[in-house]
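Residues per chain are reported as follows:
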Amino acid sequence: MDFLTQTGFNLVELLDFDDKRYQEIRAKILSKYNAQKSPIFDIFDKCRKIIKGNENGCNLLQYLLYHLNNKIIKSQNYDKTNNRLSDLYLKYGCIPFDKMPFNSSLVGHNPKLLELFDCIDSKDRKHEILARLIRNNTENNGQLYTPISQLDNFKDIDDLISAYNSKLYKKHQGRKIEICNKHLYIQDYENDTIKIIQELMELSDEGKQNYESDVNDWLNSNMHPIDCDEKKAVLQKLFSESKVSLIYGSAGTGKTTLINHISHLFSAQSKLYLANTNPAVNNLKRKINTSDCEFMTIAKFLKNKDIETNYDILVIDECSTVNNRDMKQILEKASFDLLILVGDIYQIESIQFGNWFSAAKEFIPKQSVYELVKPYRSNNEKLQLLWDRVRKMDDTILELDAKEKYSISLDSSIFEVSKNDEVILCLNYDGLYGINNINRFLQQVNPEPATVWGVHQYKVGDPILFNDSRRFAPLIYNNLKGWIVGIEVFDDKIQFDIEVDKIINGLEAEGASFELLENSTNENSVIRFSVNKYKNADEDDEYMPSNEVPFQIAYAVSIHKAQGLEYSSVKLVVADEIEDMITHSIFYTAITRARDTLKIYWTPETENKILKSIKPVNNSKDVALLRQRIIKE
């Protein structure tokens with residue numbers, strides 16, 4: 001390693017030297033330690049033989065030697081030799097990467113393109129680069145079809161596609177690239193999209209018999225009062241002509257409230273509520289207060305083979321975060337009479353490709369599609385106007401911003417706490433204006449004395465977010481906001497008093513693993529619990545270890561984690577180095593977390609660049625091509 005440090009070479013470059021130079025370096029290092037041979041050079045020699053001979057496993061070895069990350073290496077390791085990878089102890093899941101490293105992943109790891117160029121020869125791999133470009137355009141930009149006209153740098157596209165498809169691993173045939181009307185697409189992505197849309201179209205063919213008269217009788221009975229005319233109008237038509245309803249709405253328009261109204265309407269029917277994340281599922285649990293309801297994450301529903309799958313009504317929330325593969329599998333596994341799909345296509349989308357919810361409304365009859373427009377999150381009309389203009393990317397955003405002074409240059413004022421219910425939103429964790437540094441700095445500014453526990457410190461007044469733990473479920477849930485109002489250290493434990501952003505009554509708290517104290521001056525509930533210094537020897541519940549602090553300090557949080565939360569005051573940090581990471585959905589999600597006050601910290605140059613470049617995903621071309629494909633089928 002001294003040689004690498006002194007010369008600046010990496011292991012891939014060392015093993016790539018010609019025989020004479022490599023043997024000279026080898027002999028020099030061995031002589032330094034008076035050694036004739038070395039186990040490490042025996043390994044290098046074998047790696048070099050595979051790499052120089054371009055044998056199976058060569059690309060994987062080059063990447064692992066370049067990266068030298070123990071976690072990544074362990075993920076590829078297998079307890080038996082692999083005859084398809086030069087008898088190396090590697091999993092079969094490594095084969096796709098070794099065959100086409102520029103468009104495949106290792107087991108549990110997605111390599112960065114620049115790192116691949118640094119350690120693997122890209123010659124004769126243009127077919128992989130083309131496939132990667134199409135995949136990134138689909139997964140990152142939400143475009144199912146990539147126009148060939150945008151691929152001027154690639155010649156002989158037909159030959160490149162043929163080369164790529166022929167090299168695909170046998171289990172990855174669905175990743176084939178196909179051509180449709182001078183556009184390229186990935187086979188599985190199109191198949192999943194078409195399957196979902198066809199299923200929804202079939203459900204929209206007819207409605208529930210006598211639905212309108214039933215719902216009017218229910219509304220007139222006043223069994224469950226509804227004080228919003230917009231939501232009453234939706235309820236009256238919901239399933240009159242279709243057995244599927246798509247409900248769209250911007251942040252704070254009461255989508256979950258409408259789900260609760262629908263649930264009361266069908267209180268006698270069995271209902272399943274699905275969402276992608278535990279916070280979203282917990283939000284539904286808190287706000288749906290009727291009988292015969294089951295709540296779970298999509299992952300739990302799909303992975304559990306013994307789970308109940310037959311329900312009268314299926315509700316899927318936050319549909320924009322549900323990828324196409326999962327949605328197709330839900331429709332295949334679940335049995336239901338009525339389907340309700342709810343979400344906001346302008347907020348942060350699914351991590352994997354998921355265009356179905358934005359495309360579906362173009363194929364379903366208009367009477368099955370509803371959009372909520374009246375906001376309830378904020379009474380600040382100017383803030384509502386900003387949300388609306390950003391949602392549509394109106395040309396007058398800069399004018400409104402200048403008038404209301406939402407933007408401010410990055411300076412020390414970001415570290416001045418103006419309200420108790422305030423958060424700083426960031427995309428990055430590291431750097432001067434990253435989450436970690438802001439949390440450390442603002443905690444230091446907090447004048448209360450610090451209590452050190454393990455490697456962390458805590459202060460009265462610190463804002464917190466609870467983590468995903470079953471210790472206090474269901475009353476205390478993932479992403480619940482709170483503030484530390486008391487700390488006491490004992491010999492074997494630390495005790496926290498936390499003001500939580502909700503009201504818990506004494507009846508609810510009976511049997512809970514915390515003590516309910518008197519309410520705070522803000523009339524929020526205050527709970528007390530302890531964290532042990534050591535894990536109990538007989539403790540076997542990994543979901544609620546008694547020696548782990550069940551919350552994180554949250555002066556600053558990521559925009560993704562803040563989805564579903566709201567604060568009186570939001571400060572959004574957009575440093576120059578992350579401007580390229582800001583998408584329309586990320587920016588819109590961030591600014592709609594604020595109820596009263598919003599400040600955006602960025603330079604004028606960054607503001608202009610972002611507001612001129614970000615735009616909502618336009619799927620009109622995808623819809624037109626899909627329409628042709630569906631008609632053909």
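Because the structure is predicted, anything quoted here is derived from the model rather than measured.

Quick notes on the rules
Residues numbered from 1 in each chain as written. Predicted model: local features only at pLDDT ≥ 70, side-chain atom pairs only at ≥ 80, totals over all residues. Heavy atoms only, no water. Buried < 20%, exposed > 50% of the residue type's maximum accessible area, 1.4 Å probe, protein only. Helix = DSSP H or I, 4+ residues; strand = E, 2+ residues; numbered from the N terminus. Arc of directions from axis to C-beta. Contact = heavy atoms within 4.5 Å. Pairing = 2+ DSSP bridges. Axes fitted to C-alpha atoms, helices over the stretch in contact; angles between N-to-C directions. Patch = residues over 30% accessible without salt bridge, like charges linked within 9 Å, V, L, I, M, F, W, Y side chains within 5 Å. Areas by Shrake-Rupley, 256 points an atom, 1.4 Å probe, with all protein chains shown as cover. Salt bridge = Lys/Arg side-chain N within 4 Å of Asp/Glu carboxyl O. Lys, Arg positive; Asp, Glu negative; His and termini not counted. Charge placed at Lys NZ, Arg CZ, Asp CG, Glu CD. Domains from an automatic or database assignment. Phe/Tyr/Trp six-rings, centres within 6.5 Å; stacked < 30°, edge-to-face > 60°. Lys NZ or Arg CZ within 6 Å of the ring centre and 35° of its normal. 1 Å grid on protein atoms, 1.4 Å probe; cavity = no way out; pocket = protein on both sides within 12 Å on 5 of 7 lines; lining within 4 Å. Points joined across faces, edges and corners; volume = space filled by probe spheres on them. Parallel < 35°, antiparallel > 145°, perpendicular 65-115°, else oblique. Left-handed = near helix turned anticlockwise from the far one by under 90°. Nonpolar A, V, L, I, M, F, W, Y, C, P; charged D, E, K, R; others polar.

Draft legend 1. Spotlight on helix α10 (residues 157–166). Residues of α10 that are buried include every one of Ile-157, Leu-160, Ile-161, Tyr-164 and Asn-165, and no others. All buried residues of α10 project into a common sector of 130 degrees when viewed along the axis, lining one side. Exposed residues on α10 whose side chains face more than 90 degrees from its buried face are Asp-158, Asp-159 and Ser-166. On its buried face, α10 is in contact with α9 (126–139), β4 (177–180) and β5 (183–186).

Draft legend 2. Just the sheet that holds strand β10 (residues 338–343), in detail. Strands sit in the order β8-β7-β9-β10-β6-β11 across an open sheet of six strands; the sheet is parallel. Looking at the sheet topology across the chains shown, the edges are occupied by β8 (293–297) and β11 (369–372). For this sheet the average axis-to-axis angle between neighbouring strands, irrespective of direction, equals 15 degrees. Sheet analysis places strand β7 (residues 271–275) next to strand β9 (residues 313–316), joined by four bridges and oriented parallel. Bridge assignment links Leu-272 to a residue of β9, and that residue is Leu-314.

Draft legend 3. Local environment of the pairing of strand β13 (residues 422–426). Summarising burial for β13: five of the five residues are buried, a large majority. Neither face of β13 is left uncovered, since the one carrying Glu-422, Ile-424 and Cys-426 and the one carrying Val-423 and Leu-425 both have all their residues buried. As judged from the four bridges shared by β13 and strand β23 (residues 567–573), these two strands associate in the parallel manner. When the bridges of β23 are listed, Leu-425 appears paired with Leu-572. Across three bridges, β13 lies against strand β22 (residues 556–558) in parallel orientation.

Draft legend 4. Spotlight on a positive patch on the surface. Residues Arg-84, Lys-99, Lys-167, Lys-170 and Lys-171 make up a contiguous surface patch of positive charge. Positionally, Lys-170 belongs in the loop between α10 and β4.

Draft legend 5. Structural context of the domain arrangement of the protein. The domain architecture assigned to the protein consists of domain 1 (1–119), domain 2 (125–181), domain 3 (195–377) and domain 4 (387–486 + 546–613). Computed from C-alpha atoms alone, the centre-to-centre distance between domain 2 and domain 3 is 35 Å.

Draft legend 6. Expanded view of the packing of aromatic side chains. If you walk through the whole model with that rule in mind, you get 26 aromatic pairs. Measuring from centroid to centroid gives 6.5 Å for Phe-529 and Phe-551, while their planes differ by 70 degrees, and the two rings are edge-to-face. With Phe-529 in strand β20 (residues 526–532) and Phe-551 in strand β21 (residues 551–553), this pair connects stretches of sequence that are 22 residues apart. By the burial criterion, Phe-529 is buried, and Phe-551 matches it. Chaining the aromatic ring pairs together yields one cluster made of Tyr-458, Phe-466, Phe-472, Phe-496, Phe-514, Phe-529 and Phe-551. A cation over an aromatic ring shows up here: Lys-481 above the ring of Tyr-567, its NZ or CZ 4.2 Å from the ring centre. Over the ring of Phe-490 we find Lys-493, and its NZ or CZ is 5.5 Å from the ring centre.

Draft legend 7. View of the environment of Ala-359. Mapping Ala-359 onto the fold places it in helix α18 (residues 356–360). Apart from residues lying up to four places away in sequence, Ala-359 is in contact with Ile-197, Asn-619 and Val-623.

Draft legend 8. Expanded view of the layout of surface pockets. The computed volume of the second largest pocket comes to approximately 500 Å³. Together, 19 residues line the second largest pocket, and Ile-43, Cys-47, Leu-61, Leu-65 and Leu-88 are the ones closest to its centre. The set of elements that each furnish at least two residues to the lining of the second largest pocket consists of α4 (39–52), α5 (58–67), α6 (70–76) and β2 (88–90). With five residues, α4 is the largest single contributor of residues to the lining of the second largest pocket.

Draft legend 9. Main features of the packing of helix α14 (residues 255–265) against helix α15 (residues 278–287). One can describe the packing of α14 onto α15 by two numbers: an axis separation of 10 Å at closest approach and a directional angle of 50 degrees. With respect to their mutual orientation, α14 and α15 come out oblique. Judged by the twist between their axes, the crossing of α14 over α15 is right-handed. In this structure, α14 contributes Thr-256, Ile-259 and Asn-260 to the contact, and α15 contributes Asn-283, Leu-284 and Lys-287. Its residues placed into classes, the contact of α14 with α15 shows two nonpolar, three polar and one charged.

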